[in-house]
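Given next are the chains, with one letter for each unit.
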Amino acid sequence: MLESFLEKILPRGCLFCGESVHPPWPFAGICPDCAQSLARIDGNLCSRCGKTLVSEEGSCLRCREREYYFDQNRSALCYQGRSRLLLWQYKFRQERILTAFCLNLLAEILKKHPGQGWLVPVPPSPKKLRRRGWDPVLSLAQGLDRPDWVYKNILIRHTGREQKSLNYQERLENMRGRIGYRGEARGIADCILIDDVFTTGATLSECARILKERGARQVDCLSLALDL
């Protein structure tokens, strides 16, 4: 509440260029010009990971070599340039003022998604959660909650080796057994996994495997950025 009050009486400028941010622009922390400069994903997309296809048809070469348990991923941004800086500001500097803008990026994709079901946040590493003190992915999943896609925090993650330095196969092996399901499996619906960055897809795939084992028919993924 104090943070919200201070934002009203002492409005902050754009975290990227320092320019003032004024109505009718609805988002704090980023100005319209910097928002426009973010590397967005569009065009003909891979049917699995969601990257923009150049010469391939259907799915990209990377996805043709991998087995994923999720059905498809869609991301708002390419994880490069100012888009990478946006994620850094939001995740690591804990600039929660950017939450509304990040939610809007995801909501634009979600409103095009048919059907209904559960929005499930990818659980964080317990070590990272202790270090940061908050879970940015959980905040996004909660903020996206709506009548047709309902927020459900049903996955947990156990302590283990960090994924950062591992390749795809090593990440798959490292994640095996580290994702658990909390609560009863009864009535599980189609799910959309919410994450911040799609890197290799290994963590999302393991989360999807657990959900499908519990009865989910389809599991898609929605992430802020795609690391190409």
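Residues numbered from 1 in each chain as written. Predicted model: local features only at pLDDT ≥ 70, side-chain atom pairs only at ≥ 80, totals over all residues. Heavy atoms only, no water.

S.K.: I'd love a proper account of the layout of surface pockets, names of residues and values included.
M.R.: In this structure, the largest pocket encloses a volume near 880 Å³. If you go around the largest pocket, you meet 34 residues; those closest to its centre are K91, K128, R132, D196 and T199. Looking at the lining of the largest pocket, the elements with two or more residues in it are α4 (81–91), α6 (126–132), α7 (136–144), β6 (191–198) and α9 (202–213). Broken down by element, the lining of the largest pocket gets its largest block of residues, 4 residues, from β6. Residue classes in the lining of the largest pocket are distributed as 12 nonpolar, 7 polar and 15 charged. Taken as a whole, the second largest pocket spans an internal volume of roughly 380 Å³. (1 Å grid on protein atoms, 1.4 Å probe; cavity = no way out; pocket = protein on both sides within 12 Å on 5 of 7 lines; lining within 4 Å. Points joined across faces, edges and corners; volume = space filled by probe spheres on them. Helix = DSSP H or I, 4+ residues; strand = E, 2+ residues; numbered from the N terminus. Nonpolar A, V, L, I, M, F, W, Y, C, P; charged D, E, K, R; others polar.)

S.K.: Just give me the short version of the environment of G115, but keep the residues and values in it.
M.R.: Of note, G115 is situated in the loop between α5 (99–110) and β2 (117–121). Given the relative accessible area of 53%, G115 is considered exposed. Separated by 48 residues in sequence, G115 and E67 place their C-alpha atoms 25 Å apart. (Buried < 20%, exposed > 50% of the residue type's maximum accessible area, 1.4 Å probe, protein only.)

S.K.: Summarise the sheet that holds strand β7 (residues 219–226); cite the residues concerned and give the values.
M.R.: The strand order β1-β7-β6-β2-β3 describes an open sheet built from 5 strands, whose pairing is parallel. Whereas interior strands pair on both sides, the edge strands pair on one side only; in this sheet they are β1 (72–78) and β3 (149–151). The mean inter-strand angle of the sheet, taken between neighbouring strand axes irrespective of direction, is 25°. Judged from the 7 bridges that link them, β6 and β7 form a sheet pairing that is parallel. Bridge pairing in β7 links I192 to D220. (Pairing = 2+ DSSP bridges. Axes fitted to C-alpha atoms, helices over the stretch in contact; angles between N-to-C directions.)

S.K.: Report on the pattern of salt bridges, specifying residues and quantitative values.
M.R.: Enumeration according to the criterion identifies 9 salt bridges in this entry. D148 is paired through a salt bridge with R146; the nearest N and O atoms lie 2.6 Å apart. Residue classification places D148 among the partly exposed residues on the basis of a relative accessible area of 22%. Close ionic contact of E206 with R209 constitutes a salt bridge, the shortest N to O distance being 2.7 Å. Here E206 pairs with R209, and both are found in helix α9, just 3 residues apart, close to one helical turn. R209 shares its class with E206; the two are buried. Among the charged side chains, a network of salt bridges with common partners joins E206, R209, E213 and R214. (Salt bridge = Lys/Arg side-chain N within 4 Å of Asp/Glu carboxyl O.)

Coordinates in, geometry out; function isn't part of it.
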